[in-house]
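Chain by chain, the residues:
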Amino acid sequence: MAIAIFAMEASTAETVTLKSAAGQTQRDFGVAFEPTFLANPLYRELATSQFSSITPENAMKWDQIEPTQGSFDWKAADEVAAFAKSNDQKLRGHALVWEDHFPDWFAGKRFAAATLKNLIEQHVGAVVSRYKGVVYAWDVVNEPFDDAGRWRAGLLHNTLGDGYVAIALRAARAADPDAKLYINEYGIEKSGPKFDALYRLVAALKASGVPIDGVGLQSHFIVGRVPPDLPAILAKFAALDIDVALTELDFRLSLPATPESLAQQATDYHFVVASCLAVARCVGVTTWGISDDHSWIPTYFPGYGDALLFDQRGDPKPAYAAVIGALQRLGLPAIEKRQ
Ligand code: XIL
């Protein structure tokens, strides 16, 4: 099939995949995963063969997993966990506490600080306990800062102040002492106030003994606009004695794609993956979807799309070969036009 043939062309090895090439560097190559897409055989085949780690795209978010207070719907999350287990893939949990994706029963509510603290502890405790020993790393807190590096305004910070982060991290550690606990954020892949804010937060958490094991850099990028100081940013976080991971990588481009924009996308993906390999504490890269027909980008960024490594038909794009090359610590492959 197309993937195997392409991989053979791209490398002298037998069958190189994202997973096998990343494995050679002791890294994971992961993907955001929606169990509803499993009905598509190509989706299943690519999810199985190409990735060593799975992140539920939506199935473990608070609104999905606790639609009624105290009453959990584990169905989709369990499906994701079962899929990962049957394919011997790691599972990253995503995302426990976040100003977005609150369940409907939060709507319009104001909570006393003690009540919200209790809700967070109950929720985090229940979810992390259920997947104890199954989820190896959790995005415990998602997107705590706004683009100016201020605390994101909203229920969490308005009610509990900065302390909500420590509340969530401690509850996660108590429920599974072995899981790696992350803060996951976007817009921190370059120098600036948002990076500074997260860096200071992690340093403060470490200094006060709050459990924190990693920072996830979401990495939702635009073709032609790589953050040039990404390797330095990763190294700065790693110097706090934590892991880093690129957790939601995609490179959106202005539609329609052209041979030039696809070639630039390949160059950009190569740079980002090579940046991870340059830092020992960078444990892996996850793309936010498999193929361009299943991606959040067209909905959330109208006019943009084609952000992933496989095209609308599930065929590998120039960026696929570029990522394999980066994982093999090679330069950019010659980009040929494939249509
Ligand atoms: C997105 C999903 O991809 C969409 O399907 C959903 O409608 C909204 O959320 N940052 C995150 C992810 O941490 O959870 C988001 O995922 C994308 C931005």
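What counts, and where the lines are drawn
- Residues numbered from 1 in each chain as written.
- Predicted model: local features only at pLDDT ≥ 70, side-chain atom pairs only at ≥ 80, totals over all residues.
- Heavy atoms only, no water.
- Disulfide = S-S within 2.5 Å.
- Buried < 20%, exposed > 50% of the residue type's maximum accessible area, 1.4 Å probe, protein only.
- Phe/Tyr/Trp six-rings, centres within 6.5 Å; stacked < 30°, edge-to-face > 60°.
- Helix = DSSP H or I, 4+ residues; strand = E, 2+ residues; numbered from the N terminus.
- 1 Å grid on protein atoms, 1.4 Å probe; cavity = no way out; pocket = protein on both sides within 12 Å on 5 of 7 lines; lining within 4 Å.
- Points joined across faces, edges and corners; volume = space filled by probe spheres on them.
- Nonpolar A, V, L, I, M, F, W, Y, C, P; charged D, E, K, R; others polar.
- Domains from an automatic or database assignment.
- Expected span 1.5 Å × (residues − 1).
- Contact = heavy atoms within 4.5 Å.
- Axes fitted to C-alpha atoms, helices over the stretch in contact; angles between N-to-C directions.
- Parallel < 35°, antiparallel > 145°, perpendicular 65-115°, else oblique.
- Left-handed = near helix turned anticlockwise from the far one by under 90°.
- Core = buried A, V, L, I, M, F, W, Y, C linked by side-chain atoms within 4.5 Å.

(A) Examining the state of the cysteines more closely. By the definition in use, this model includes one disulfide. Residue Cys-276 pairs covalently with Cys-282 via a disulfide, S to S 2.1 Å. Disulfide Cys-276 to Cys-282: torsion about the S-S bond roughly -105 degrees, handedness left-handed. There is no split in this pair, since Cys-276 and Cys-282 are both buried.

(B) Geometry of the packing of aromatic side chains. Scanning all chains against the criterion turns up 21 aromatic pairs. Ring centres of Phe-195 and Phe-237 lie 5.0 Å apart, and the angle between their planes is 70 degrees; on these two criteria the pair is classed as edge-to-face. Remark: Phe-237 occurs in helix H10 (residues 230-238) and Phe-195 occurs in helix H9 (residues 193-207); sequence separation between them is 42 residues. Three or more aromatic residues link up through ring pairs in this structure, and these residues are Trp-62, Phe-102, Trp-105, Phe-106 and Phe-111.

(C) Focus on the layout of surface pockets. Computed from the structure, the largest pocket encloses a volume of approximately 790 Å³. Lining the largest pocket are 31 residues; nearest its centre among them are Tyr-186, Gln-218, His-220, Trp-296 and Phe-301. At the level of elements, strand S3 (90-98), strand S7 (220-222) and strand S8 (243-254) are the ones that each hand at least two residues to the lining of the largest pocket. Looking at the lining of the largest pocket element by element, the count peaks at three residues for S7. Class assignment of the residues belonging to the lining of the largest pocket gives a composition of eleven nonpolar, nine polar and eleven charged.

(D) Structural context of empty space enclosed by the protein. The tally for this structure, following the rule as stated, stands at three cavities of 30 Å³ or more. Secondary structure elements with two or more residues in the lining of the largest cavity: strand S1 (28-33), S8 and strand S9 (282-287). Broken down by element, the residue count for the lining of the largest cavity peaks at four residues, all from S9. Classifying every residue of the lining of the largest cavity by side-chain character gives five nonpolar, four polar and two charged. Both domains that meet at the lining of the largest cavity, namely domain 1 (1-26 + 233-339) and domain 2 (53-218), each give it at least three residues.

(E) Here's a closer look at helix H6 (residues 113-130). The terminal C-alpha atoms of H6 lie 26 Å apart, and with 18 residues this matches the ideal 26 Å at 1.5 Å per residue to within 8%. For H6, the complete set of buried residues consists of Leu-116, Leu-119, Ile-120, His-123, Val-124, Gly-125, Val-127 and Val-128. If you follow the buried residues of H6, they end up packed against helix H4 (62-65), S3, strand S4 (137-142), helix H7 (155-160) and helix H8 (164-175).

(F) Region of interest: the packing of H10 against helix H11 (residues 259-277). The interhelical angle for the contact between H10 and H11, taken along N-to-C directions, is 30 degrees, at an axis separation of 9 Å. Considered as vectors, H10 and H11 are oriented roughly parallel to each other. You can see that H10 and H11 cross each other, and the crossing is right-handed. Touching Leu-230, Pro-231 and Leu-234 of H10 are Phe-271, Val-272, Ser-275 and Cys-276, all from H11. Residue composition of the contact of H10 with H11, by class: six nonpolar, one polar and no charged.

(G) Quick look at the nonpolar core. If you look at the biggest cluster of nonpolar residues, it comprises 103 residues, and the most contacted ones within it are Ile-120, Tyr-131, Trp-138, Leu-217 and Phe-237. When residues of this core are assigned to their parent elements, the largest contribution, nine residues, is made by H8. Both domain 1 (1-26 + 233-339) and domain 2 (53-218) contribute no fewer than three residues apiece to this core. Sequence-distant contacts of Ile-120, defined by excluding residues within four places in its chain, comprise Trp-62, Val-97, Gly-125, Leu-156, Leu-160, Ile-167 and Ala-168.

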